[in-house]
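Listed here are the chains, written in short residue letters.
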Amino acid sequence: MQNQYRLGIDAGGTFTDFILADRKGGVRIFKVLSTPTDPTMAIRNGLKLIEEETGLSPETIVSNSDLCINGTTVGLNALITHNGAKTGLIATKGHEDSIEIRLGHKEDGYRYDPEYPPATMLVPRYLRRGVSERVLSNGTVHTALNEEEVREACRHFLREGVESVSISFVWSVLHPEHELRAGEIVREMMPHVRLTIGSQLYPQVREYTRTSTAIVNAYLAPILQRYVEAVDAYFQSLGARHPVRYFQSNGGLALGKVVTDQSVYAINSGPASAPQAALWLGEPWAMKDIITVDMGGTSFDITLTRDGRANVSKNIDFLRYRIGIPMIQVETLGAGGGSIGWIDSMGLMQMGPQSAGSEPGPASYDQGGERPTTTDANLILGYLNPDGLVGGRLPLNVEKARKAIKTHLADPLGISVEKAAFGMFTIVNNNMVNAIRRVSVERGYDPRDFVLNCAGGATAAHITALAREMGIRKVLISKLASGLCAFGQIISDVKYNYMAPAPVRLEGAEAAARLDGLFNQLESRGTEDLKSDGFTDDNISVRRSLDMRYVGQVHECTVDVEPFEVTEAALARLKAAFHARHEELYTYSEPQSAVEVVNVESAITGAVDKPGRMEIAPGKGAHAALKGTREMIFNADGIAHETPVYDGALLGAGDRITGPAVIQEVTTTIVIEPGWLAELDASGVYLLSQHEAHAARVLADAVTEDA
Amino acid sequence: MPKRNVDPITLSVVRGVLETTQREMTLTLEQTARSSVFNLAHDYSTALFNHTPEMILQGQDIPIHLGSLIPAMKSVAGFFDGDINEGDLILHNDPAYGGSHIIDTCMYMPVFYEGELVFWTVCKGHLTDIGGPVPAGYNPNATEIFAEGLRIPPVKLWDKGKPRHDVMNLLLTNMRARRDQEGDFNALIGACQVGARNLKGLMDKYGKDVVQDCIAELLDMAEAHMRKLISEVPDGTYTGTAILEDAGHGFGDFEIKATVTITGDSCHIEIVSPPQIPYFINSYEGNSHSGVYLGLMMFAQLPPPYNEGLYRCVSTDMGPKGTLCNAKSPAPHMNCTTTPMETLTDAVRLAFEQAAPAKVSASWGHANGCNIAGWDNRHDEEYVTMVLASIISGAGATASQDGWHACGPECCFGALTSGDIEMLEHSYPIIIHRYSLMEDSGGAGKNRGGSGTCWEVEPLDSPMTLITFGEGRRIPAMGAAGAKSAMVQPKVGRLEVTRNGETQIITENVIETIQPGERAANKNPGGGGYGNPFERDIQKVVEDVRNGLVSLEGARQDYGVVITDRDTLSVDTEATAKLRAA
């Protein structure tokens, strides 16, 4: 008999979401409070809650699940609170300080701020030890490793009580032997510490990035290890038939052992499942170009897939620490339901990034918050039901919202409360639009070619406005939108990244042979790893990428390619892909110039069976779901209009609603602006598109632009 | 509130789009530029101007470019007055037309809308070479600007959309490492195009008139803001004098004096400096604007975005033509963006320290760096570059915290990045033996100055020309609020060349040839401290000793803290109290 269930557990900062899916397309979401001090406690609490609500015991669910998937924030939290392990670094002598020099740069936005502090060092200077050794840029040894100095560093670490050691040497990627030998000495002298070796964790050129990545990994490894051991043991005690899978920031699943050794892959996993969820939702319409936006209480996360593949970031600063490994690109903006509206020192209205959070929360929560927030604006505009959010469990106080907006914004600017509220709505939307450009325009993509997908509880009130601002014509909103990331995890595949440095110019048979050899090596390693985990050639797939640039450039652009044999003749194909990508990104290319590769990577994916889709019965027409009307404001003039409100639970497949209108779902409120048409699909997804009349206007605008 | 018919919401939106536009221009430059100076070091700036032309947005790029783009843009627009057409693209570097130094090359693209000039998108970047006798432009032996490289007065690279390949070829033919320079020109053009595209989109959406009204309003609001800050300072005349050390010209130390006169909500800044000299440290007026504005911003401490409205209430007088801070042709000037600019900035900062003592922070370490050039046997080609890693100094301490380590120099205020050492070794045939912080280099104070850095290099397999520039090798970064260091030597910069086991310490600007097997270590000063070092928390001094940032001797001399044991770090409380009381 087939396994009946798939269980997903996504720990967030405030809530831990549980997704229980069955083979027939049934999906249920449960939420419990997260328990940061003992993260496994929330898992027990959640399973208990599911038992109370469904009668299914934890043993029944776990022993009948084909997969139990866990997205965890223990690593992220340790990094935010600087509560990682006591970590030491062994570096090439003379280069112990690269992680504190941080390329000599102070983050933009704080240039003249006398109070912006330096980043907290995960490894303080006295725990960074240099040893004599040196490899040159061509991979040859300049100075042999001084093993006694490595031993001396270990003795120092032992005296200081170090729990985790990272080793990172200059050019170790071209000659890993020194790092490996130093690692043997550490293991021998400090058998109980966790060990991270730079060239093994992140075998790519760039010393600062590699060292910093290794340090973050070492800092988190003991924390992840304790966590994974506890979770694995708990699931085994419940009779799990398969190992627990952990969700990674590369958008794929991994075994606990992998997350323990490569903890840095676990740090920003939460929003990284959005692209996978988006592709799943869009599949019935063959949509592959999708931007997903997820607005919560304090932040707004954006991800993008192009032609079915998610944007990937490498070599970025995350929480002020440089991290190299490929992660799903997640742009985060301080814009959420709790974002505060204020007037800056120049006299301009701004929204966020300060947030009222959940305490005291927006003024309309009536919990002592006096500052006007996005939620308050949405309430004044009539988008939110004053009877309350979350099915009436949280009533909203319109007068408090009105007073906050009047005092802090409308009066100082000399405009009405309604106009100020629409201004807040407009400004927060524009902040989001500018952030969406970072995943689209800055990546060489025109957002108008994309579908906009809605995730998170607060997003649906803004979604048609965002689409309008970006010139996007189609929008997806799933009934699961508020738990979309947790859902994305349970439909994700196992994925590992294998990297190698490859500093070669793209010319000649030798270069081709080197690249071909490297890719084959990486891919046979990856395939072996997945096969030993039960995957077969049928469900293993490979995707390659190369970091390339014109000779003399220092920044690379990453070019994705299908696997093919890299012969001398095939180099032209790689070059053509690079020129095209460069032009897409930067408006020009230089077909005559020499091209070089710096790093190569193969992402190996083991496909996991997908659960069934939701099936909604055909509807009898939207009028059956009409609950009443409410006054709403859809224009800068601040004038309110009677607008119909529908109950989403009463809508059936094929039912259509024309904007302006609001659809109330239990965990979200969908605002449909004038000019939009929503249709509920049998798969539980609303597809919103622009009316013809409106589309004609957009078309006219586009023509003017071209002219 | 708004005087024009400007809706406050649209105003916020327009400002957001301008910021995004500038960001995307910067990103284009960073990602596509060829030379390490551009793309590793971020030694570039982008800005937007309106038709008048007033600067309507400058990003958070290099402060040394902050002021000089303003007079340069006006000068360039004036030069082609009546002959600015759609599809034009103008190049310029000459300080006689408001440029900073000729190695900083500016690209100006007029943006037309419905046939009318509405905006300019502008960027400026430090090329790796500009021709002339010495690679990378810095020539300590130059006695005239003509010995420093190619002066480019405003010249059209595109004329009504038609690229002038002959002009480009003339320029490139006169520069070393042609491929890099050509790539950097393309990057500058790409950035201007990205900016123009975004601004046209903005006008499509809101209409030209609304956008222009919003921008006029944003300029007025910035002006009002600066006026408010200045009006909070008591009326009066405040002066600051900073000493510029003799870095090898033989004319001795110089004084640069700044007088800040506050009258109500406006401010006049007057600079007095000695006559110009036949050495590469003269600053033309455009560059001096940058130095003065940086001193002003250290006082104003404003968050971005910035526009020219900020400076409407600030008038300047750089002194008579022919002086160090208001040079005239043919004064050599290549070093001007660091020397004398940082000393000029210090003088302005000191004057504001008198005017607004609560807002003072200490001076940052001055730039004392090197350029390198030679032959790359790996690819059989010439290489030349400024080494930005060699000028990363310590930041000054502030009233609230220790200075950042490795964040300077003062003229860049943390905007540079020094580049990954593997990337540098990949790009140039060199071995970087050391890139580290330095013990005792941060200025002593209740809050300590940030540590300076040491950058030590050896050529891989062929002789390397190494040219030094800057200063800060004898006079340490100035402290604030009474900070003073007892141990001065580790806090200043120098070049140490080691040949056959013997180390030579060089404190002047020189051109040296370094052979494979020899090493050159360029050391940069730390930042100034803030407040009395004897009031520094003893535990903080102990932590600095534990981390090797302060030596046992430094703890005693600079901070009056007596630590008896290097391993246990135990403090002799009695001896410490006695020392600190003295």
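Please read all numbers here as calculations on a predicted model, not as lab measurements. (Residues numbered from 1 in each chain as written. Chains lettered and ligands numbered in written order. Predicted model: local features only at pLDDT ≥ 70, side-chain atom pairs only at ≥ 80, totals over all residues.)

**Thoughts on the overall build of chain B**
(1) Moving on: A tally of helices and strands in chain B yields 12 helices and 20 strands.
(2) Moving on: Burial analysis of chain B (582 residues in total) assigns 62% to the buried set.
(3) Moving on: Long-range contacts, defined here as pairs at least 24 residues apart, represent 75% of the contacts in chain B between residues at least 6 apart. (Helix = DSSP H or I, 4+ residues; strand = E, 2+ residues; numbered from the N terminus. Buried ≥ 20, exposed ≤ 12 C-beta atoms within 10 Å, placed from the backbone. Contact = placed C-beta atoms within 7 Å.)

**Let's talk about the overall build of chain A**
(1) Moving on: In terms of helices and strands, chain A carries 18 helices and 35 strands.
(2) Moving on: Taking 2.2 N^0.38 as the reference for a compact globule, 707 residues should give roughly 27 Å; the C-alpha atoms of chain A span a radius of gyration of 27 Å, in line with that estimate.
(3) Moving on: Overall, chain A is about 80 × 65 × 55 Å in size when its C-alpha atoms are taken along their principal axes.
(4) Moving on: Out of the 707 residues belonging to chain A, those deemed buried represent 55%.
(5) Moving on: In chain A, 67% of the contacts between residues at least 6 apart in sequence involve partners at least 24 apart. (Rg over C-alpha atoms; globule rule 2.2 N^0.38 Å.)

**Side note on the interface of chain A and chain B**
(1) Moving on: On the chain B side, the residues contacting the 63 residues of chain A number 73 residues.
(2) Moving on: Counting residues per element, the ones that place at least two in the side of chain A that touches chain B are helix 4 (98-101), helix 8 (207-237), strand 22 (349-355) and helix 13 (417-439) of chain A.
(3) Moving on: Counting residues per element, the side of chain A that touches chain B draws most heavily on helix 13 of chain A, at seven residues.
(4) Moving on: Its residues assigned to classes, the side of chain A that touches chain B comprises 26 nonpolar, 22 polar and 15 charged. (Nonpolar A, V, L, I, M, F, W, Y, C, P; charged D, E, K, R; others polar.)

**Structural notes on the environment of Cys154 of chain A**
Residues and elements named next belong to chain A.
(1) Moving on: In this structure, Cys154 sits in helix 5 (residues 147-160).
(2) Moving on: Judged by local crowding, Cys154 falls into the buried class, with 23 C-beta atoms found within 10 Å.
(3) Moving on: Sequence separation between Cys154 and Glu601 is 447 residues; the distance between their C-alpha atoms is 33 Å.

**Re the domain arrangement of chain A**
Residues and elements named next belong to chain A.
(1) Moving on: Under the domain assignment used here, chain A contains domain 1 (5-78 + 226-270), domain 2 (82-222), domain 3 (494-606) and domain 4 (622-704).
(2) Moving on: Residue-level contacts link seven residues of domain 1 with six residues of domain 3.
(3) Moving on: A total of three residues in the side of domain 1 that touches domain 3 trace back to one element, the largest contributor, which is strand 12 (residues 253-255). (Domains from an automatic or database assignment.)

**Some thoughts on the nonpolar core**
(1) Moving on: Counting residues in hydrophobic clusters, the biggest one holds 386 residues, and the most contacted among them are Ile477 of chain A together with Met73 and Met107 of chain B.
(2) Moving on: Not counting chain neighbours up to four residues away, the residues in contact with Met107 of chain B comprise Leu89, Leu91, Val122, Cys123, Leu188, Ile189 and Cys192 of chain B. (Core = buried A, V, L, I, M, F, W, Y, C linked by C-beta atoms within 7 Å.)

**Points about the domain arrangement of chain B**
Reports often express the size of an interface as the amount of accessible area lost when the parts come together.
(1) Moving on: Entries for chain B in the domain assignment read domain 1 (8-224), domain 2 (361-536) and domain 3 (537-582).
(2) Moving on: Taking only C-alpha atoms into account, the centre of domain 1 of chain B sits 51 Å from that of domain 3 of chain B.

**Let's talk about the UniProt feature "domain: Acetophenone carboxylase-like C-terminal" (unreviewed entry) in chain A**
(1) Moving on: Summarizing the sequence annotation, UniProt attributes the feature "domain: Acetophenone carboxylase-like C-terminal" (unreviewed entry) to residues 509-683 of chain A in the numbering used throughout.
(2) Moving on: Helix and strand shares over residues 509-683 of chain A are 22% and 34% respectively, and the end C-alpha atoms of the span are 51 Å apart. (UniProt positions renumbered as here; feature names shortened; annotations may be inferred.)

**Thoughts on helix 11 (residues 552-559) of chain B**
Residues and elements named next belong to chain B.
(1) Moving on: Among the residues of helix 11, those classed as buried are Gly554, Ala555, Arg556, Asp558 and Tyr559.
(2) Moving on: The secondary structure elements touched by the buried residues of helix 11 are helix 10 (538-546).
(3) Moving on: With its phi angle positive at about 65°, Gly560 sits one or two positions after the end of helix 11.

**Examining the environment of Thr92 of chain A**
All names here are of chain A.
(1) Moving on: Positionally, Thr92 belongs in strand 5 (residues 87-92).
(2) Moving on: Along the sequence, Thr92 and Trp171 sit 79 residues apart, while their C-alpha atoms lie 9.8 Å from each other.
(3) Moving on: Among all residues touching Thr92, those that are not within four sequence positions of it are Gly130, Glu133, Arg134, Phe169 and Val170.

**Quick look at the sheet that holds strand 13 (residues 381-387) of chain B**
All names here are of chain B.
(1) Moving on: What the four strands build is an open sheet, ordered 13-12-16-19; its pairing is antiparallel. Looking at which strands have only one partner, the edges of the open sheet turn out to be strand 13 and strand 19 (511-514). Across the sheet, the axes of successive neighbouring strands diverge by a mean angle of 20°, strand direction being ignored.
(2) Moving on: In terms of strand pairing, strand 12 (residues 368-376) meets strand 13 through seven bridges, oriented antiparallel. Its bridge partner being in strand 13, Gly374 is matched across the sheet by Tyr383. (Pairing = 2+ DSSP bridges. Axes fitted to C-alpha atoms, helices over the stretch in contact; angles between N-to-C directions.)

**Let's talk about helix 10 of chain B**
Residues and elements named next belong to chain B.
(1) Moving on: If you check which residues of helix 10 are buried, you get Val541, Asp544 and Val545. Here the buried residues of helix 10 occupy an arc of 100° about the axis, which is enough to place them on one side.
(2) Moving on: At its buried positions, helix 10 is contacted by helix 11.
(3) Moving on: One or two steps after helix 10, the chain reaches Gly548, where phi turns positive at roughly 70°. (Arc of directions from axis to C-beta.)

**Things to note about unusual backbone geometry**
(1) Moving on: In this model, Gly352 of chain A is joined to Pro353 of chain A through a cis peptide bond whose omega is 0°.
(2) Moving on: Checked against the element boundaries, Pro353 of chain A lands in strand 22.
(3) Moving on: With an omega of -10°, the peptide bond between Thr52 of chain B and Pro53 of chain B qualifies as cis.
(4) Moving on: On the secondary structure map, Pro53 of chain B appears in the loop between strand 1 (44-50) and strand 2 (55-58).
(5) Moving on: A positive phi angle, near 75°, is found at Arg320 of chain A, a position not held by glycine.
(6) Moving on: Within the secondary structure, Arg320 of chain A is located in the loop between strand 17 (316-318) and strand 18 (321-323).

**Describing the sheet that holds strand 4 (residues 104-113) of chain B**
Residue and element names in this part refer to chain B.
(1) Moving on: Sheet architecture is open: seven strands sit in the order 2-1-5-4-3-6-7, paired in antiparallel fashion. Bordering the open sheet on either side are strand 2 and strand 7 (162-163), each of which pairs with just one other strand.
(2) Moving on: Note: strand 3 (residues 89-92) against strand 6 (residues 155-159), three bridges, orientation antiparallel. Across the sheet, Leu89 pairs through a bridge with Trp158, a residue of strand 6.

**Comments concerning the environment of His101 of chain B**
Residue and element names in this part refer to chain B.
(1) Moving on: Positionally, His101 belongs in the loop between strand 3 and strand 4.
(2) Moving on: By the C-beta count within 10 Å, which is 29 here, His101 ends up buried.
(3) Moving on: For His101 and Met334, which are 233 residues apart along the polypeptide, the C-alpha to C-alpha distance reads 5.5 Å.
(4) Moving on: Residues within four places of His101 in sequence aside, it is in contact with Pro95, Asn287, His333, Met334, Cys336 and Thr337.

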